[in-house]
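Residues per chain, in single letters:
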Amino acid sequence: MNTPVCDYLIVGGGTAGCVLANRLSADPSCRVILLEAGGPDDDKWIHIPAGIRYLLREKKHNWFYMTEPSPLTNGRSVYWPRGKVLGGSSSINGMVYIRGQRTDFDRWAASGATGWDWDSLFPYFLKIENQTRGADAYHAVGGPLTVSDRTNRSEVWTRFIAAAEQLGIPRNPDFNGADQEGVGYYQATVGNGRRCSAAVGYLRPVKGRANLSVITGAMVHHISFEQRRATGVRYEKDGHWHELHAAREVLVCGGSINSPQLLMLSGIGPAAHLQEMGITPRVDAPQLGKNLQDHLQLRLTYRLNRPISFNDQFHSLAGKVGMGLEYLLRRSGAIAYPTAQVGLFTRSLPELASPDIQYHFSNYTTDEKTGMPDRFPGMTFSVCHLRPESRGEILLRSPDPGQHPRILPNYLATPEDCRVAVEEVRLTRRLAATQPLADIVAEELAPGPDVQSDEACLDFARSNGTSIYHPVGTCRMGSDAEAVVDPALCVRGVSHLRVVDASVMPTLISGNTYAATLAIAERAADLILNTRP
Ligand SMILES: Cc1cc2nc3c(=O)[nH]c(=O)nc-3n(C[C@H](O)[C@H](O)[C@H](O)COP(=O)(O)OP(=O)(O)OC[C@H]3O[C@@H](n4cnc5c(N)ncnc54)[C@H](O)[C@@H]3O)c2cc1C
């Protein structure tokens, strides 16, 4: 066993980890090591956007977590994919590009995450971006994250947009511009028909730097300490144990499930729970693993009365050949873009200050058994509550790092979350009953016509709701004594240890979480470099 020394040890080569690896190694005098439990991102399905269907069904690049069964989900476990590969979840995500609402970040700052308000983070959102529409007051070019518009159009999407407009929802050409509210096409984190993961945007351009080492297949089991100072990590690779020493800092970027797990395995967490697991507590951090928040999505599906959906294109030879040729020749078409194409942000009550409901609308339905498009024309409204009140937690299942932790999301635990779920079903039906969509609907498949009362709609949500894959909050940042990390993302109670990933978000943002995680890591890199001795 040897203990080589670097300045910064980054645990987790995912979204945030790739940002830190790039920014910290920009200074040639900083020696940086990035440890990733998964493998390299050399699988073609990662890079072809349509490959997400495959990535979500296999375990090769995916931790493939399942939540604990709960009465709140009518006894069900819910599938929680997370990326286990360079790029982390950004290598398997849905590529929908959303920053969130200004008030999300202002709420963070007001809750004690000083310095993380919108005005402080906006420059980082710009720094990230390579906007193919060009630069303007809200967007920038030249950053590592390529963001683009899809070029093809579908009659089903056009009808969805027209139906929303008929209900008084305004058309919005840019959900990341002046206002999020409205209906329109999503932009995607895709460049030239290829996924722009954090590994592609941040790691590949710098992988030749002499002061940066990237070690894949390296599962970190423990953080090492000398008294209260984090000094390095112990990891396993190919059945062998290794230790690494960090002269400056250990930076935990394992994501919202693995970061709290690793801290607990290292003796930081709720003391009673650690003792129960046979782990000697180093720091009693009662809030660690708590404050778990996620977007629960309801999927309402319809059979259409004519073959104008992606299902029909997918199951016809001409459609398949056309898609393949369009991708090969022009890097565009259905293969080049994410599965959710059209978006809608609106309010469940008119008196709300900003949207609390988001739609990912698709011109297809999926056969649950095969994961492939159904053999009949269809459309899917995937809808979620943007700022749920319910809070869950992550607990250790065992002191064995190889065992998945217990995930208890606690979905639909408050009356307000239940009210919004019911409203989601009702609003979807109003959309589907509006002329442009009513003209093409043959029947409602899910929830189906029998589901009418509030109780039945809520029961549908409990029986069918799934994750839209945005867990955050388990290493909450704040200024209070119970916060897991302080506003500089330093773990309370120890030194030389920070958490930098989606787990530090105090509250879930109103939208998809990739861009916000990149912004967190960009600002964290500046905080780290500015506090160098
Ligand atoms: C299926 C899916 C679809 C999504 N769709 C979208 C979308 O369309 N738009 C959007 O904005 N957001 C989306 N998201 C969310 C977004 O991708 C995540 O919020 C974001 O990538 C989280 O980044 P992170 O750095 O916190 O964690 P991750 O990117 O998950 O990185 C954590 C990394 O740490 C590694 N790791 C963990 N533990 C260890 C250990 N002990 N030792 C070594 N390495 C370890 C992991 O393997 C992983 O690579 C989606 C997520 C998923 C999973």
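Residues numbered from 1 in each chain as written. Predicted model: local features only at pLDDT ≥ 70, side-chain atom pairs only at ≥ 80, totals over all residues.

Asker: Would you explain the overall build of the chain in this entry?
Answerer: The helix and strand tally for the chain stands at 15 helices and 25 strands. Against the compact-globule benchmark of 24 Å for 533 residues, the chain has a radius of gyration of 23 Å, which places it among compact chains. Dimensions along the principal axes, computed over C-alpha positions, put the chain at roughly 70 × 50 × 45 Å. In the chain, buried positions account for 53% of the 533 residues. Looking at the chain alone, contacts between residues at least 24 apart form 69% of all its contacts between residues at least 6 apart. (Helix = DSSP H or I, 4+ residues; strand = E, 2+ residues; numbered from the N terminus. Rg over C-alpha atoms; globule rule 2.2 N^0.38 Å. Buried ≥ 20, exposed ≤ 12 C-beta atoms within 10 Å, placed from the backbone. Contact = placed C-beta atoms within 7 Å.)

Asker: What should I look at first to understand the nonpolar core in this one?
Answerer: One broad trend across soluble globular proteins is that nonpolar side chains are buried collectively. Membership of the largest hydrophobic core comes to 139 residues, with the highest contact counts inside it found for Leu9, Ile10, Val11 and Leu20. With 10 residues, helix α15 (residues 514-530) is the single largest residue contributor to this core. The residue makeup of this core includes at least three contributed by each of domain 1 (1-68 + 78-102 + 198-288 + 397-403 + 471-533) and domain 2 (151-185 + 296-385 + 412-464). Apart from the residues within four sequence positions on either side, Ile10 is in contact with Gly17, Leu20, Ala21, Val32, Ile33, Leu34, Leu35, Leu251 and Cys253. Judged by nonpolar contacts, the second largest core, of 6 residues, contains Tyr65, Ile257, Leu292 and Ile407. (Core = buried A, V, L, I, M, F, W, Y, C linked by C-beta atoms within 7 Å. Domains from an automatic or database assignment.)

Asker: Whenever I open this one, the domain arrangement of the chain confuses me. Can you help?
Answerer: Many structure descriptions define interface size as the accessible area lost when the parts assemble. For the chain, the domain assignment lists domain 1 (1-68 + 78-102 + 198-288 + 397-403 + 471-533) and domain 2 (151-185 + 296-385 + 412-464). When each unit is reduced to the centre of its C-alpha atoms, the spacing between domain 1 and domain 2 is 33 Å. Of the residues lining the interface, 15 residues belong to domain 1; the matching set on domain 2 comes to 15 residues. Within the side of domain 1 that touches domain 2, the residues separate by chemical class into 8 nonpolar, 4 polar and 3 charged. (Nonpolar A, V, L, I, M, F, W, Y, C, P; charged D, E, K, R; others polar.)

Asker: How should helix α14 (residues 454-464) be read in this particular structure?
Answerer: Note: α-helices contain 3.6 residues per turn, so residues at a spacing of three or four share the same orientation. Of the residues making up α14, those classed as buried are Cys457, Phe460 and Ala461. What you see down the axis of α14 is that its buried residues fit within an arc of 95°, all on one side. Those residues of α14 that are exposed and aimed more than 90 degrees away from the buried face are Glu455 and Ser463. Elements that come into contact with the buried residues of α14 comprise β17 (296-304) and α12 (415-432). (Arc of directions from axis to C-beta.)

Asker: Would you mind going over the site of the ligand with me for this structure?
Answerer: With respect to spatial proximity, 43 residues lie near the ligand, and among them Gly12, Gly14, Gly88, Gly94 and Asn512 are the closest. Elements represented by at least two residues in the shell around the ligand include exactly α1 (15-24), β2 (32-36), β12 (219-226), α8 (255-265) and α15. Of all the elements, α8 adds the most residues to the shell around the ligand, at 4 residues. Residues of the shell around the ligand, tallied by class, amount to 19 nonpolar, 20 polar and 4 charged. (Near = placed C-beta within 6 Å.)

Asker: Got a minute to help me understand the pairing of β17 in this structure?
Answerer: Remark: a regular strand shows side chains that alternate across the two faces of the sheet. Across the 9 residues of β17, 8 count as buried, placing the element largely inside the fold. Note: β17 against strand β24 (residues 466-467), 2 bridges, orientation antiparallel. Looking at β24, one finds that Leu296 is bridged to Ser467. Direction of pairing for β17 relative to strand β20 (residues 378-385): antiparallel, over a ladder of 7 bridges. Opposite Tyr302, over in β20, you have Met379 as the bridge partner. When β17 meets strand β23 (residues 441-446), the two strands line up antiparallel, connected through 4 bridges. Bridge pairing in β23 places Arg303 opposite Glu443. (Pairing = 2+ DSSP bridges.)

Asker: Where do I start with the pairing of strand β18 (residues 342-346) in this structure?
Answerer: Here β18 lies mainly inside the structure; 5 of its 5 residues are buried. Of the two faces of β18, the one lined by Val342, Leu344 and Thr346 and the one lined by Gly343 and Phe345 are each fully buried. Here 4 bridges tie strand β7 (residues 182-185) to β18, and the two strands are oriented antiparallel to one another. Residue pairing in the sheet places Val183 in a bridge with Leu344 of β18.

Asker: I keep staring at the packing of α1 against α15 and nothing clicks. Help me out?
Answerer: Packed helices, taken two at a time, are described by their axes: the angle between them and the distance between them. Between α1 and α15, the shortest axis-to-axis distance is 9 Å and the interhelical angle comes to 35°. Every pair of crossing elements has a handedness; the one defined by α1 and α15 is right-handed. Contacts from Thr15, Ala16, Val19, Leu20, Arg23 and Leu24 of α1 reach α15 at Tyr514, Thr517, Leu518, Ile520, Ala521, Glu522, Ala524, Ala525, Ile528 and Leu529. Counted by class, the contact of α1 with α15 contains 12 nonpolar, 2 polar and 2 charged residues. (Axes fitted to C-alpha atoms, helices over the stretch in contact; angles between N-to-C directions. Left-handed = near helix turned anticlockwise from the far one by under 90°.)

Asker: Can you help me understand the sheet that holds strand β6 (residues 145-149) in this one?
Answerer: Pairing within the open sheet is mixed, and its 3 strands lie in the order β5-β6-β8. The sheet is open, and its two borders are formed by β5 (129-131) and β8 (187-188), each paired with just one other strand. Sheet topology note: the β6/β8 ladder contains 2 bridges and is antiparallel. Following the sheet pairing, Ser148 is matched in β8 by Ala188.

Asker: Can you help me understand helix α11 (residues 317-330) in this one?
Answerer: With 14 residues, α11 extends 19 Å from end C-alpha to end C-alpha; this agrees with the ideal 20 Å at 1.5 Å per step. Phi turns positive, to about 50°, at Arg331, one or two residues after α11. (Expected span 1.5 Å × (residues − 1).)

Asker: For this particular structure, what's the right way to read the environment of Ser503?
Answerer: Inspection of the secondary structure assignment puts Ser503 in the loop between β25 (497-499) and α15. With 243 residues separating them in the primary sequence, Ser503 and Pro260 have C-alpha atoms 8.1 Å apart. Aside from chain neighbours lying at most four places away, what touches Ser503 is Gly255, Ser256, Ser259, Pro260, Val472, Gly473, Thr474 and Cys475.

Asker: In this structure, what is going on with the packing of helix α5 (residues 118-128) against α15? I would like to understand it.
Answerer: Packing of α5 against α15 leaves a shortest axis separation of 9 Å and a crossing angle of 105°. Overall, the two elements α5 and α15 adopt an arrangement that is roughly perpendicular. Facing α5, whose interface residues are Leu121, Tyr124, Phe125, Lys127 and Ile128, α15 presents Ala515, Leu518, Ala519, Glu522 and Arg523. In terms of residue class, the contact of α5 with α15 is made up of 7 nonpolar, no polar and 3 charged. (Parallel < 35°, antiparallel > 145°, perpendicular 65-115°, else oblique.)

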